[in-house]
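Structure assessment
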2 protein chains.
Amino acid sequence: MQPEIEKPMIIELIEAGDKDTLEEKLENWLPQELAELCRDLNVTDQAFVFNVIDREQAYQTFEELEFGDQVELLNELRYRQVQLILNDMSPDNRTAFLEQLDPDHLNKLLKLLTQKERRVALSLLGYPEDSIGRLMTPDYVAVNQDWTVKQIIDFIRSHGENSETLDVIYIVDEKGYLVDDIRIGDVLLSEDHIPVKDILDGKYVSLLVTDDEEVAIKVFGKSNRVALPVTNAGGLLLGIITVDDILQLAKEEDTEDIQKIGAVEALEEPYMDVSLTQMLRKRAPWLIILFIGEMFTASAMSFFENEIDKAVVLALFIPLIVSSGGNSGSQASTLIIRALALGEITILDWWRIMRREIVTGLYLGLILGFIGFSRVTTWHFFTDIYGPHWLLIALTIGFSVFGVVLWGTIMGSMMPLFLKRMGLDPATSSAPFIATMVDVTGLVIYFSFASTILKGTLL
Amino acid sequence: MQPEIEKPMIIELIEAGDKDTLEEKLENWLPQELAELCRDLNVTDQAFVFNVIDREQAYQTFEELEFGDQVELLNELRYRQVQLILNDMSPDNRTAFLEQLDPDHLNKLLKLLTQKERRVALSLLGYPEDSIGRLMTPDYVAVNQDWTVKQIIDFIRSHGENSETLDVIYIVDEKGYLVDDIRIGDVLLSEDHIPVKDILDGKYVSLLVTDDEEVAIKVFGKSNRVALPVTNAGGLLLGIITVDDILQLAKEEDTEDIQKIGAVEALEEPYMDVSLTQMLRKRAPWLIILFIGEMFTASAMSFFENEIDKAVVLALFIPLIVSSGGNSGSQASTLIIRALALGEITILDWWRIMRREIVTGLYLGLILGFIGFSRVTTWHFFTDIYGPHWLLIALTIGFSVFGVVLWGTIMGSMMPLFLKRMGLDPATSSAPFIATMVDVTGLVIYFSFASTILKGTLL
């Protein structure tokens, strides 16, 4: 990309304070390119850039910045600039910014808005956090169902300027209740005198203002639309949501889920931007919880100290056995977490899932158990580490692996459903979390099989 | 939703073969609702539904179905119906369908296309799999840079029918090279006589036809657009990609990554649709590989059998120590895998990442090592399981946990980068994969500390 190459030269211009040349150079830059540039600058230089770019570039670039940078930059910009940026920003992006501010800061900035924009901002902030209401924009084109095609086109040409999308036009009755939506193509392709009623098909998908953001992601994923209307429970049209906002959101949700599966609290910022303190704050608590959970393995094993003392060979297989339970549990939990997030399954399906996973776990257990059994029998021909009772040891390993894998699979698949049922985030049942849970129980399974099979010989 | 409630009644109508009533009932259903209905029907009933819905509903519903269902259904439908559906489908969806067929089937279906549609299909199939070329659609509106606003609006009204989006109009020169894109709003809001050249801003983002799909996801994520133009290396406009397709794709890519992080091969189908055989095929291989990898722990431990024999107490902490390495490794690898997928970091950043992770690992190791040390010293006051050398044992645990956590963090962060460097998918370095790798080395670290610290006392 051109801007990537020009960056060093731009930075020189900033350092030299050469406003005019800089203005000329940055004239054709896209907001995301300008934001990229700002990320490499300190806040004073960022403000310098905002002094030379035009008004449209300014608010769009501001929208691209991370929250922390936005706050710092606002403190650096002149009063009038801040006012312009806040008023120009699209309502959904502005709401996203404002909702992260502390109340003092928020009130200060709300005062900078025009009365109209302040009303918009306050109404959007009135919806619950993470609700569709916070995401929607009131910038759309809605027309009366009694209009003709010509009336609609004329209306768009005179009033469509600020609309987030013109791909879809919303049709409402005289009280503002949503009647239908229609693609602009269908309007443009009809003759001027035709009443819009005649080209409506009565097919539309709408979202509820109080629904969770995740609902919007799911509905967009299925509906193949670039924008969806948002109504209250009564059907009154309140705003629209466009798919480009949803793409961003879907990525963020997935990032959170992935980080949770890896047993990290959601970072909420790009990896490289997270400070060491924050990084430790996100990672240490989970590691500590898991470590403390895992301490029960030491307690569990102290019950079997006697057995280990008599047959040290049993100790050799401890990591193998417990990890096979952890791995099969990680697989199952990851699959279920994702299927829940995609809406492919719900907690009501738990019994069907349980049956599937029991069958799968039985097969996986048989396969791994057989490999474990074979490993010991094969090694026996090359080393005498297993002594005269090698066959019994092989059987112990085989049965234990079978049991632990089956148990891990069941636990891994049920835990996300259980957490969801408790109102918690299923992704919390991360791979390491399941592994830790299964480790303790895996040891009990192992030593139970060992006691039974090796009684009277090794034990 | 209404259709959800009506479903039992619809199924009765199908069973009764009541075509007329069914036609009336389904008239206003959306494609995704019809597809949902089809999922609950056998293929004969699906075909019955396709006989009563209208042509537009038919191809759109077909597009919503899973690949397996699509193939079965085509075999059941009449020749003419198949032809209509295939010709009506949007080129990008059709290509996605055709590319999964075996060559025989593909050729049979290609013959059903009109000459024009066949040319489109073949040209899209000519681009590498997973490339942007496969995703793009040639249905867009491109106009000459010398036209006026009125010419453009007239052109859209007469030729825009099949365009995937009318939100953005593409401006080309007389040879078809991309000059700029412009939002329909900016066209509509300008006066009729204005040349489009005067309202262009020269700012656009375009994709290369040979780029990987993942590039499209990243660019869309940054660019806040509903559609992006696709060109060849020379700048010739070949097609466009719309964001609704990207949303779908981004979800699929994330699902694949998540499943890999959980050590499952990508399922490629909804969880509930995967057959038992397929499920085992996706899960067993990884479990077997991990199990065999984990067998090295048994080999590693057989070297230390002597030590365990002398100090059985050491065996008690084996699961605790190896799992703390696995957990810290899972955290690091998950963070890096995701940051790579989002384009926040590249392999060129490896040295910065390594430094960050070493520092993080040092702190995490200190915290967990201290907890491990405290656990043994505290327990010592309540039980005599650790004997007279409890302090040395506590030190061994503390140092080992510190070492293993640091090591796990470094391995976990570097492995995804290493895999990427080797041209492999970084997500392959799943949480269980890292855990397995760190388990073997963790044991070596543990017993090395034990030998050093406990020499002359317990060992």
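Counting restarts for each chain: residues are numbered from 1 in the order of the written sequence. Here chains are named by letter from A upward and ligands by number from 1 upward, in the order in which they appear as written. Restriction of local features to residues with pLDDT of at least 70 applies here, the model being predicted, together with a cutoff of 80 or more for giving and counting side-chain atom pairs; totals for whole chains, interfaces and linings are based on all residues.

This part covers the overall build of chain A. Helix and strand assignments follow DSSP, with helices taken as H or I runs no shorter than four residues and strands as E runs no shorter than two, numbered in order from the N terminus. Scanning chain A for helices and strands turns up 22 helices and 6 strands. Taken over the C-alpha trace, chain A has a radius of gyration of 31 Å; the compact-globule value for 459 residues is 23 Å, which it surpasses by more than 25%. Over its C-alpha atoms, taken along the principal directions, chain A stretches across nearly 95 × 65 × 40 Å. Every C-beta atom is placed from the backbone, and the number of other C-beta atoms within 10 Å of a residue's own sets its class: buried at 20 or more, exposed at 12 or fewer, partly exposed in between. Expressed as a percentage of its 459 residues, the buried residues of chain A come to 47%. Here the contacts in chain A between residues at least 6 apart in sequence split such that 70% fall between residues at least 24 apart. Our radius of gyration is a C-alpha quantity, and the globule rule it is checked against amounts to 2.2 Å times the number of residues to the power 0.38. Contact definition: two residues whose C-beta atoms, as placed from backbone geometry, lie within 7 Å.

To continue, consider the environment of glycine 17 of chain B. Residue and element names in this part refer to chain B. You can see glycine 17 is positioned in the loop between α1 (2–16) and α2 (19–26). C-beta crowding within 10 Å serves as the criterion here: with 8 such atoms nearby, glycine 17 is assigned to the exposed category. Remark: the alpha-carbon pair of glycine 17 and phenylalanine 97, spanning 80 residues in sequence, is separated by 30 Å.

Time to look at the environment of asparagine 93 of chain B. Its place among the elements puts asparagine 93 of chain B in helix α8 (residues 91–98). Taking the C-alpha atoms as reference points, asparagine 93 of chain B and arginine 134 of chain B, separated by 41 residues in sequence, lie 9.3 Å from one another.

Residue and element names in this part refer to chain A. On the basis of which strands lie adjacent, the open sheet formed by 3 strands has the order β1-β2-β3 and mixed pairing. One side of each edge strand has no neighbouring strand; the edge strands of this open sheet are β1 (142–144) and β3 (178–183). Along the sheet, successive strands turn relative to each other by an average axial angle of 30°, direction set aside. Taken together, the 5 bridges between strand β2 (residues 168–172) and β3 define a ladder with antiparallel strand orientation. Considered in β3, the bridge of tyrosine 170 is made with aspartate 181. Paired strands are those between which DSSP finds at least two bridges. Angles shown run from 0 to 180 degrees and are taken between the N-to-C directions of axes, each axis being a line fitted to C-alpha atoms and, for helices, limited to the stretch in contact.

Attention now moves to the interface of chain A and chain B. On the chain B side, the residues contacting the 100 residues of chain A number 99 residues. The leading source of residues in the side of chain A that touches chain B is helix α19 (residues 318–341) of chain A, at 16 residues.

Residue and element names in this part refer to chain B. Most of strand β5 (residues 227–231) is tucked away, with 4 of its 5 residues classed as buried. Relative to β5, strand β4 (residues 207–208) runs parallel, the two sharing 2 bridges. When the sheet's bridge partners are listed, leucine 208 is paired in β5 with threonine 231. Connecting β5 to the next strand, strand β6 (residues 237–242), in antiparallel fashion are 5 residues, including glycine 235 with a positive phi near 100°.

Glancing now at the relation of the copies chain A and chain B. Comparison of the two chain copies shows a relationship of rotation about an axis with a shift along it. Of the two same-sequence chains, chain A is brought onto chain B (RMSD 0.1 Å, axial shift 0.0 Å) by a rotation of 180°. In the structure described here, the two chain copies are related by an operation that fits a two-fold rotation axis. Copy-to-copy superposition: least squares on the C-alpha atoms, limited to residues that have pLDDT of at least 70 in both copies.

Each nonpolar core consists of buried Ala, Val, Leu, Ile, Met, Phe, Trp, Tyr and Cys residues. Their C-beta atoms, within 7 Å, join them into a set. In terms of nonpolar packing, the biggest core is built from 143 residues, with Ala315 of chain A together with Ala315 of chain B touching the most fellow members. Sort the elements by how many residues they give to this core and helix α21 (residues 390–421) of chain A lands first, with 16 residues. Excluding residues that lie within four positions of it along the chain, alanine 315 of chain B makes contacts with Met301, Ile308 and Ala315 of chain A together with Ile308 of chain B. With 125 residues, the next largest nonpolar core counts Val141 and Ile240 of chain A together with Ile241 and Leu247 of chain B among its residues.

On to the sheet that holds β6 of chain B, then. All names here are of chain B. The strand order β4-β5-β6 describes an open sheet built from 3 strands, whose pairing is mixed. A strand with exactly one partner marks an edge of an open sheet, and here the two such strands are β4 and β6. Taken strand by strand, helix α15 (residues 243–261) contacts β5 and β6, and its axis lies near 65° from that of β6.

Examined at the domain level, chain A breaks down into domain 1 (2–126), domain 2 (142–247) and domain 3 (271–454). With centres defined by C-alpha atoms, the gap from domain 2 of chain A to domain 3 of chain A works out at 51 Å. Domain start and stop points were drawn from an automatic or database domain assignment.

Across the 8 residues that make up helix α8 (residues 91–98) of chain A, a large majority, 6, are buried. Where α8 of chain A is concerned, the buried positions are Pro91, Asp92, Arg94, Thr95, Phe97 and Leu98 of chain A.

All names here are of chain A. The backbone of alanine 263 shows a phi angle near 65°, a positive value even though the residue is not glycine. On the secondary structure map, alanine 263 appears in the loop between α15 (243–261) and α16 (276–303). Residue alanine 263 is classed as buried on the basis of its C-beta count, with 25 C-beta atoms lying within 10 Å.

For the rest of this paragraph, the subject is the packing of α19 of chain A against α21 of chain A. Residue and element names in this part refer to chain A. Close contact between α19 and α21 brings their axes to 7 Å; oriented N to C, the two are set at 30°. The orientation of α19 relative to α21 falls into the category roughly parallel. Every pair of crossing elements has a handedness; the one defined by α19 and α21 is right-handed. Note on angle classes: values under 35 degrees are labelled roughly parallel, values over 145 roughly antiparallel, values of 65 to 115 roughly perpendicular, and the remainder oblique. In this scheme, a crossing is called left-handed if the near helix is turned counterclockwise away from the far one by less than a right angle; it is called right-handed if the turn is clockwise.

Another point: the pairing of strand β2 (residues 168–172) of chain B. Residue and element names in this part refer to chain B. Counting buried residues in β2 gives 4 out of 5 residues, a clear majority hidden from the surface. Summarising the sheet, strand β1 (residues 142–144) and β2 pair through 3 bridges and their orientation is parallel. Opposite alanine 142, over in β2, you have tyrosine 170 as the bridge partner. Handedness of a crossover is defined as follows: orient the strands so they point away from the viewer, and if the path from the first strand over the helix to the second runs clockwise, the crossover is right-handed. Read as a crossover between parallel neighbours, the route from β1 over helix α12 (residues 149–159) to β2 is right-handed. In textbook terms, the turn of a hairpin is the stretch between consecutive antiparallel strands, and for β2 and strand β3 (residues 178–183) this stretch comprises 5 residues, one of which, glycine 176, has a positive phi near 95°.

On to helix α5 (residues 55–64) of chain B. Counted residue by residue, α5 of chain B has 8 buried out of 10 residues, so it is predominantly covered. Every buried residue of α5 of chain B is accounted for by Gln57, Ala58, Tyr59, Gln60, Thr61, Phe62, Glu63 and Glu64 of chain B.

Here the focus is the packing of helix α20 (residues 350–380) of chain A against α21 of chain A. Residue and element names in this part refer to chain A. Put simply, α20 and α21 touch, their axes get as near as 7 Å, and they point 155° apart. One way to sum up the angle between α20 and α21 is to call them roughly antiparallel. Seen from above, α20 lies across α21 with right-handed handedness. In this classification, Asp, Glu, Lys and Arg are treated as charged, Ala, Val, Leu, Ile, Met, Phe, Trp, Tyr, Cys and Pro as nonpolar, and every other residue, Gly included, as polar. Each residue belonging to the contact of α20 with α21 can be placed in one class, and the counts come to 24 nonpolar, 10 polar and 1 charged.

This part takes up the confidence of the model for chain A. All names here are of chain A. A residue-level look at chain A finds 99% of positions with pLDDT of 70 or above and a mean pLDDT of 87. In the model of chain A, helix α10 (residues 115–125) stands out as the element of lowest mean pLDDT, 76, in contrast to α21, which has the highest, 94. Prediction confidence for the complex, expressed as pTM and ipTM, is 0.76 and 0.75 respectively. A score between 0 and 100, pLDDT records how confident the predictor is in each residue.

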